[in-house]
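# Understanding the architecture of this molecule
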Amino acid sequence: MTEYFQRMMLYVPFKGWVDMGMSAEAAWALATICGILLIALPLMLAVAMIIYADRKIWAAIALRRGPNVVGPFGLLQSFADGLKVFLQETIIPSSANRGLFLIAPIITFTVALMAWAVIPFNSGAILADINVGLLYILAISSLGVYGVILSGWSSNSKYPFFSAMRASAQMISYEVSIGFILIGVVLFADSFNMNDIVKAQQGHGLGFVNAFGFNLLLFPLAVMFLISALAETARAPFDLTEAESELVAGYQTEYSSMSFALFWLGEYANVLLMCALNAILFWGGWLPPVDWAPLYAVPGIIWLFAKILFFFFVFSWVKATVPRYRYDQLMRLGWKIFLPISLFWVFLISGYLMLTRYGA
Amino acid sequence: MIQVIAFWLFASIVIASATMVILARNPVHSVMWLILAFFNAAGLMLLTGAEFIAMLLVIVYVGAVAVLFLFVVMMLDIDFAELRSGFVRYLPLGALVAIVLAAELVFAVGAWQAGGVDLAARAAPAATDTSNIQQIGELLYTRYIFLFEAAGIVLLVAMIGAIVLTHRQRGGVRIQNISAQNRRRPEDATRLVDPGVGQGMEL
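Attention in this report is confined to the structure presented alongside it. (Residues numbered from 1 in each chain as written. Chains lettered and ligands numbered in written order. Predicted model: local features only at pLDDT ≥ 70, side-chain atom pairs only at ≥ 80, totals over all residues. Heavy atoms only, no water.)

Across its full length, chain A carries 13 helices and zero strands. In chain A, the order of α-helices and β-strands from amino to carboxyl end is α-α-α-α-α-α-α-α-α-α-α-α-α. The C-alpha radius of gyration of chain A comes to 21 Å, within 12% of the 21 Å expected for a compact globule of 360 residues. Dimensions along the principal axes, computed over C-alpha positions, put chain A at roughly 65 × 60 × 40 Å. The buried share among the 360 residues of chain A stands at 52%. If you take every contact in chain A between residues at least 6 apart in sequence, the share linking residues at least 24 apart comes to 74%. For chain A, the computed accessible surface area is about 15900 Å², with 72% contributed by carbon and sulfur atoms. (Helix = DSSP H or I, 4+ residues; strand = E, 2+ residues; numbered from the N terminus. Rg over C-alpha atoms; globule rule 2.2 N^0.38 Å. Buried < 20%, exposed > 50% of the residue type's maximum accessible area, 1.4 Å probe, protein only. Contact = heavy atoms within 4.5 Å. Areas by Shrake-Rupley, 256 points an atom, 1.4 Å probe, with all protein chains shown as cover.)

Printed below as a string of structure tokens:
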């Protein structure tokens with residue numbers, strides 16, 4: 001256990017507590033809880049600010065002002081919304097399946113937070129430096145669909161049920177191709193550990209760019225991953241689960257107050273997670289963009305945040321400009337285009353690596 | 001200490017939720033309890049140090065198999081009265097399954113009382129630095145390569161079989177021609193005309 005901690009940033013307080021006479025296990029539990037809070041609380045703040053940023057970007061593209069009343073430049077808008085939602089009455093439909101109706105938003109929100117445990121913020125700043133990090137992400141993201149299915153079913157209402165059907169089919173379809181895309185990255189990085197994947201990208205592209213994305217073999221995968229990430233988080237243009245012209249508000253229709261807010265927070269935490277995954281898997285994570293010594297003086301967490309924000313901007317940009325897909329087009333894109341291409345790319349990459357890295 | 005607490009937590013939740021799977025009246029609740037059981041079984045796997053198996057358990061069973069279960073069960077239109085009326089009819093078959101399971105339990109306890117099997121000692125992994133995934137990969141692609149490929153072929157045959165069995169040719173269906181749709185330009189579908197006043201339009 002101690003060796004495990006030595007690789008991590010939390011080792012400093014952990015060692016301090018052990019020196020103060022605390023047992024190693026208690027110090028381990030305390031350090032982990034501190035780590036969880038250190039990630040979850042700033043994440044919630046980031047979600048609040050990112051909702052504001054999303055609305056501002058969207059407004060700017062539509063030549064509107066966006067939120068500008070609460071606080072300077074409307075910066076406190078999300079907090080005002082949160083307070084409003086918090087003070088609202090929780091309404092549970094009389095024909096709803098009470099237990100599952102209440103547990104569904106909790107599942108969505110918890111799952112959105114859980115995946116952040118394996119995201120590396122810097123070379124040592126990672127809560128759980130496990131060697132199946134990427135598989136953990138896949139496992140957790142496959143849990144996300146339950147919140148949506150359950151909310152749709154337990155609401156006992158037509159539109160949420162349609163939305164739940166759509167959401168589950170959509171998430172399952174795109175998870176398949178995301179899995180194959182991740183295999184391509186894992187083959188190049190030679191590891192499932194998130195930190196090792198980031199480190200493998202050092203000077204990978206053209207000899208000096210810290211990104212897998214500049215590898216010609218991996219660039220198509222990066223594009224497909226970005227699109228699949230949009231579909232996986234049900235963002236526009238794939239937001240058929242919340243298509244307001246057809247399904248009112250989709251699976252959230254019957255929700256109010258805090259249970260609605262939990263869906264909202266979970267959704268944006270998932271969007272941030274997908275942006276972080278884009279940055280980590282293909283664009284160098286916490287490494288500076290170019291392998292040049294002075295750039296390493298900037299802390300890695302700043303590079304990571306810059307990349308996450310860039311991808312979030314791309315997400316908002318797409319949301320503001322691209323019209324919604326039709327459902328059959330969405331399914332066709334997932335099964336008939338992404339799946340064959342990503343499967344073929346697994347062959348291509350493993351063949352290339354057999355010829356070059358593991359040759360003869 | 002933490003491992004012990006975690007073990008008892010996971011183990012008791014697995015057993016409790018497995019019991020609830022068969023006790024729950026509502027099939028959707030049953031599936032949810034089953035998912036909870038899978039999830040905690042994955043926790044138990046983690047405690048034994050088999051993190052790769054634990055992740056696969058969650059990805060395959062919770063992420064794919066149970067979603068399909070839930071999908072089917074959600075669509076069911078359940079009539080609880082009818083469900084109970086079948087009790088007597090299915091009693092002989094159910095009793096038979098119960099007897100078989102009980103007999104297996106007796107055998108298992110008997111075998112366990114007879115003393116440890118040599119296999120357990122042989123299967124104990126050698127302590128190495130290589131990770132779980134690498135060790136499984138090394139075994140799977142060298143010693144067990146034939147079994148691995150055979151399992152793959154069986155799955156492929158099963159998949160093709162499922163497609164053949166459910167595939168049916170339907171006549172009179174207009175299938176979308178996606179490339180034709182994508183090739184279509186505004187000029188193909190619209191025309192811009194400037195009719196004089198009172199002349200009307202030919203549609």
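The end-to-end C-alpha separation of helix α3 (residues 24-61) of chain A is 54 Å, in line with the 56 Å expected for 38 residues at 1.5 Å each. Count one or two residues on from α3 of chain A and you reach Leu-63 of chain A, which has phi positive near 55 degrees. (Expected span 1.5 Å × (residues − 1).)

With that settled, the discussion passes to the interface of chain B and chain A. Contact with chain B, which involves 27 residues of that partner, is made by 28 residues of chain A. Summed over both sides, the interface between chain B and chain A buries roughly 2400 Å², with carbon and sulfur atoms accounting for 76% of that surface. If you sort the residues of chain B by the area they bury against chain A, Ile-2, Met-55 and Met-74 of chain B come out on top, with a joint share of 23%. Across the contact surface, chain B and chain A share six residue pairs in polar contact (both at pLDDT 80 or more). For the side of chain B that touches chain A, the secondary structure elements donating two or more residues are α1 (2-23), α2 (27-47), α3 (51-75) and α9 (178-183) of chain B. (Buried area = accessible area lost by both parts, 1.4 Å probe. Polar contact = N/O pair within 3.5 Å; in protein donor to acceptor, adjacent residues only side chain to side chain.)

This part is about the nonpolar core. Most often, soluble globular proteins keep nonpolar side chains buried together rather than apart. Counting 111 residues, the largest nonpolar core has Trp-116, Ile-119, Tyr-146, Phe-225, Leu-281 and Phe-282 of chain A as the members making the most contacts within it. Apart from the residues lying within four places of it in its own chain, the contact partners of Tyr-146 of chain A are Ile-107 of chain A together with Ile-35, Val-62, Ala-66, Val-67 and Leu-70 of chain B. (Core = buried A, V, L, I, M, F, W, Y, C linked by side-chain atoms within 4.5 Å.)

Residue and element names in this part refer to chain A. Using the criterion set out here, one finds five salt bridges over all chains in the structure. Residues Arg-235 and Asp-54 are paired through a salt bridge, measuring 3.2 Å at the closest nitrogen-oxygen approach. Of this pair, Arg-235 sits in the loop between α9 (219-232) and α10 (244-247) while Asp-54 sits in helix α3, and the two are 181 residues apart along the sequence. Residue Arg-235 shares its accessibility class with Asp-54, and that shared class is buried. A salt bridge links Lys-319 to Asp-54; the nearest nitrogen and oxygen atoms lie 3.5 Å apart. Of this pair, Lys-319 sits in helix α12 (residues 300-321) while Asp-54 sits in helix α3, placing them 265 residues apart in sequence. (Salt bridge = Lys/Arg side-chain N within 4 Å of Asp/Glu carboxyl O.)

Between the first and last C-alpha of helix α5 (residues 98-114) of chain A there are 25 Å, a value that for 17 residues agrees with the 24 Å anticipated at 1.5 Å per step. Every buried residue of α5 of chain A is accounted for by Leu-100, Phe-101, Ala-104, Pro-105, Thr-108, Phe-109, Val-111 and Ala-112 of chain A.

Okay, the environment of Asn-156 of chain A next. Residue and element names in this part refer to chain A. Relative to the elements of secondary structure, Asn-156 occurs in the loop between α6 (133-154) and α7 (158-189). Among residues more than four places away in sequence, those in contact with Asn-156 are Ser-95 and Ala-96. A polar contact of 2.9 Å, which involves the side chain of Asn-156, links it to the backbone oxygen of Ser-95.

Glancing now at the packing of aromatic side chains. Enumeration over the complete set of coordinates arrives at 19 aromatic pairs over all chains. Plain terms: the ring middles of Phe-7 of chain B and Trp-8 of chain B are 5.4 Å apart, the flat faces sit at 75 degrees to each other, and that makes the pair edge-to-face. In textbook terms, an aromatic cluster arises when at least three aromatic residues are bridged by ring pairs, as seen for Phe-101, Tyr-251, Tyr-255 and Phe-263 of chain A. Positioned over the ring face of Trp-58 of chain A is Lys-319 of chain A, at 4.4 Å from the centre of the ring. (Phe/Tyr/Trp six-rings, centres within 6.5 Å; stacked < 30°, edge-to-face > 60°. Lys NZ or Arg CZ within 6 Å of the ring centre and 35° of its normal.)

Bringing the side chain of Ser-259 of chain A into the picture now. You can see Ser-259 of chain A is positioned in helix α11 (residues 257-282). Discounting chain neighbours no more than four positions away, the residues touching Ser-259 of chain A are Thr-90 and Pro-105 of chain A.

Residue and element names in this part refer to chain A. One pass over the full model with this rule turns up two cavities of 30 Å³ or more. As a volume, the largest cavity reaches approximately 270 Å³. Mapped onto the lining of the largest cavity, the elements with two or more residues apiece are α5, α6, α7 and α11. Computed from the structure, the second largest cavity encloses a volume of approximately 60 Å³. Along its surface, the second largest cavity is lined by Ile-137, Leu-138, Ser-141, Glu-175, Ile-178, Leu-182, Phe-225, Glu-232, Met-274 and Leu-277. Here the lining of the second largest cavity is composed, by residue class, of seven nonpolar, one polar and two charged. (1 Å grid on protein atoms, 1.4 Å probe; cavity = no way out; pocket = protein on both sides within 12 Å on 5 of 7 lines; lining within 4 Å. Points joined across faces, edges and corners; volume = space filled by probe spheres on them. Nonpolar A, V, L, I, M, F, W, Y, C, P; charged D, E, K, R; others polar.)

With that settled, the discussion passes to the packing of α3 of chain A against α11 of chain A. All names here are of chain A. Between α3 and α11, the least distance of the axes is 9 Å, while the angle of their chain directions is 90 degrees. Comparing the axis directions of α3 and α11 gives the class roughly perpendicular. Where α3 approaches α11, its residues Leu-43, Met-44, Ala-46, Val-47, Ile-50, Ile-51 and Asp-54 are matched on the opposing element by Trp-264, Leu-265, Tyr-268, Ala-269 and Leu-272. Among the residues forming the contact of α3 with α11, the class breakdown is 11 nonpolar, no polar and one charged. (Axes fitted to C-alpha atoms, helices over the stretch in contact; angles between N-to-C directions. Parallel < 35°, antiparallel > 145°, perpendicular 65-115°, else oblique.)

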